[in-house]
Amino acid sequence: MLFSEQLWQRNLDLYQETLALPFNQELARGTLSREAFSHYVIQDAHYLLAYGRALAVCAAKAYEADDVMQFSEAAKIAIVVERSLHDSFMQEFDVSKHQFETTPLTLACHHYTSFLTATAWAESYPVVLAALLPCFWIYAEVGQDIVQQSVPNNPYQAWIDTYAGEEFHTAVRNVIATVNKVAARCDADTLEKMHAAYRMGATLEWLFWDSAYHQRQWLGLDNR
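Bear in mind that the values here come from a model prediction, so they are computed numbers and not experimental data.

J.: How should the overall build of the protein chain be read in this particular structure?
T.: Within the protein chain, the secondary structure is distributed over 12 helices and 0 strands. When the helices and strands of the protein chain are listed from N to C terminus, the series reads α-α-α-α-α-α-α-α-α-α-α-α. On C-alpha atoms alone, the protein chain measures out to a radius of gyration of 17 Å, which is about the 17 Å that the 2.2 N^0.38 rule sets for 224 residues. Viewed in the frame of its principal axes, the protein chain has a C-alpha envelope of about 50 × 35 × 35 Å. Taking all 224 residues of the protein chain together, 49% fall into the buried category. Considering only residue pairs separated by 6 or more positions, the protein chain has 80% of its internal contacts joining residues 24 or more positions apart. Accessible surface, the protein chain as shown: approximately 10800 Å² in total, 56% of it carbon and sulfur. Between the averaged position of the 15 positive side-chain charges in the protein chain and that of its 27 negative side-chain charges there is a distance of 5 Å.

J.: How should I be thinking about the environment of W218 in this particular structure?
T.: Residue position: W218 is located in the segment after α12 (188–214). C-alpha separation for the pair W218 and A108, spaced 110 residues apart in sequence, amounts to 9.5 Å. In contact with W218, other than residues within four places in its own chain, are L105, T106, L107 and H110.

J.: Looking at this structure, I do not really get helix α1 (residues 3–10). What am I missing?
T.: Among all positions in α1, only F3, S4, L7 and W8 are buried. Viewed along the axis of α1, the buried residues span an arc of 140°, placing them on a single side of the element. Those residues of α1 hidden inside the fold are in contact with α2 (12–19), α9 (125–149), α11 (166–183) and α12.

J.: Would you mind showing me how to read the nonpolar core here?
T.: Among soluble globular proteins, nonpolar side chains are generally buried collectively. Formed by 76 residues in total, the largest nonpolar core has its most connected members in F37, Y40 and W159. When residues in this core are grouped by element, the largest group, 16 residues, is from α9. Those residues within four positions of W159 in sequence are excluded, and the remaining contacts are L27, F37, Y40, F89, Y139 and I146.

J.: Is there a simple way to explain the packing of aromatic side chains in this structure?
T.: Given two aromatic rings, their pairing is described by the distance between the two centres and the angle made by the two planes. A complete count under the given rule lists 15 aromatic pairs for this structure. For the pair W137 and Y198, a centre-to-centre distance of 6.4 Å together with 70° between the ring planes defines the contact as edge-to-face. Of this pair, W137 sits in helix α9 while Y198 sits in helix α12, placing them 61 residues apart in sequence. Put simply, the rings of F23, F37, Y40, Y47, Y51, Y112, F136, Y139, Y156, W159, F208 and W209 touch in pairs and so form one group of aromatic residues.

J.: What's the story with the environment of T102 in this structure? I'm lost.
T.: Here T102 shows up in helix α7 (residues 97–102). A distance of 3.4 Å separates the side chain of T102 from the backbone oxygen of Q99, its partner in a polar contact.

J.: Which parts of the structure should I look at to understand the pattern of salt bridges?
T.: Once the charged atoms of two side chains with opposite charge are near each other, the side chains can pair. What the rule picks out here adds up to 9 salt bridges. In this structure, the salt-bridge partner of R199 is D13, at a minimum N-O distance of 3.2 Å. Separated by 186 residues along the polypeptide, R199 in helix α12 and D13 in helix α2 bring together distant segments of the chain. In this structure, E166 engages R173 in a salt bridge whose closest nitrogen and oxygen atoms are separated by 2.4 Å. Take R173: its relative accessible area is 45%, and that puts it in the partly exposed class. Residues participating in the shared-partner salt-bridge network are E64, D67 and K181.

J.: I'm lost on α9 in this one. Help?
T.: Since the α-helix packs 3.6 residues into each turn, any two residues three or four apart lie on the same face. Compared with the 36 Å implied by 1.5 Å per residue over 25 residues, the 37 Å span of α9 between its first and last C-alpha is a close match. The largest bend in α9 amounts to roughly 35° and is located at L133, with the proline P134 lying one to four residues further along. Extensive coverage of α9 is indicated by the burial of 19 of its 25 residues.

J.: Even after reading the chapter, I still don't get the confidence of the model for the protein chain, so can you show me in this structure?
T.: Summary statistics for the protein chain give a mean pLDDT of 92 and a share of 96% for residues scoring 70 or more. The lowest-confidence element of the protein chain is helix α6 (residues 89–92), averaging 79 in pLDDT; the highest-confidence one is helix α8 (residues 107–122), averaging 98.

J.: Could you clarify how one ought to interpret the side chain of D67 in this entry?
T.: Inspection of the secondary structure puts D67 in helix α5 (residues 65–87). For D67, a relative accessible area of 3% gives the class buried. At a separation of 2.9 Å, a polar atom in the side chain of D67 contacts the side chain of K181.

Rules used throughout
Residues numbered from 1 in each chain as written. Predicted model: local features only at pLDDT ≥ 70, side-chain atom pairs only at ≥ 80, totals over all residues. Heavy atoms only, no water. Helix = DSSP H or I, 4+ residues; strand = E, 2+ residues; numbered from the N terminus. Rg over C-alpha atoms; globule rule 2.2 N^0.38 Å. Buried < 20%, exposed > 50% of the residue type's maximum accessible area, 1.4 Å probe, protein only. Contact = heavy atoms within 4.5 Å. Areas by Shrake-Rupley, 256 points an atom, 1.4 Å probe, with all protein chains shown as cover. Lys, Arg positive; Asp, Glu negative; His and termini not counted. Charge placed at Lys NZ, Arg CZ, Asp CG, Glu CD. Arc of directions from axis to C-beta. Core = buried A, V, L, I, M, F, W, Y, C linked by side-chain atoms within 4.5 Å. Phe/Tyr/Trp six-rings, centres within 6.5 Å; stacked < 30°, edge-to-face > 60°. Polar contact = N/O pair within 3.5 Å; in protein donor to acceptor, adjacent residues only side chain to side chain. Salt bridge = Lys/Arg side-chain N within 4 Å of Asp/Glu carboxyl O. Expected span 1.5 Å × (residues − 1). Bend = angle between axes of the 7 residues up to and from the residue. pLDDT = per-residue confidence, 0-100.

Shown next as structure tokens:
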């Protein structure tokens with residue numbers, strides 16, 4: 001069994017819980033509140049900047065030239081997508097540049113980005129790869145599931161199409177192939193560290209969507 005297949009089987013329960021989140025279910029039905037989606041888009045833009053930085057560190061640690069190119073390009077794309085959010089979803093959902101810039105990271109976003117940044121700098125290349133993989137893989141699978149359920153004239157169809165599209169899925173398959181290639185060279189202790197890093201990343205993916213649905217902030221009893 002490939003390492004990626006082991007990862008997926010070990011974390012299938014968490015993926016199914018992620019699919020069942022109200023945010024994703026209501027997104028598919030087009031009934032998700034504009035406020036929740038706007039909250040999500042702002043936090044996602046903050047997240048992508050940190051994700052791009054972690055990808056850049058991953059590229060610097062890569063073993064082979066092709067992998068350096070792969071993750072350098074992925075880092076660039078993460079920043080391009082972050083900027084495009086300002087020109088598309090944020091404008092469509094009336095999120096101003098000032099509102100974005102003055103909105104701090106939520107607990108979930110801060111936790112996730114801190115985990116990725118710390119892992120990128122402190123851990124070995126295989127472990128960094130495993131920590132970064134959930135954002136690629138889970139988004140692709142969630143996007144594919146949602147697009148199959150999406151209702152006609154869904155106000156969130158553009159977001160759904162982005163993560164259900166073949167271009168994104170091709171990139172995800174390439175990252176999975178790299179993870180498998182690197183894992184094949186690792187000892188048992190490193191593989192377990194990779195499993196732990198993936199599990200944490202997948203858990204934080206769940207938390208990010210759950211936090212966005214409830215629009216949780218740092219302070220306030222009503223946001224707990």
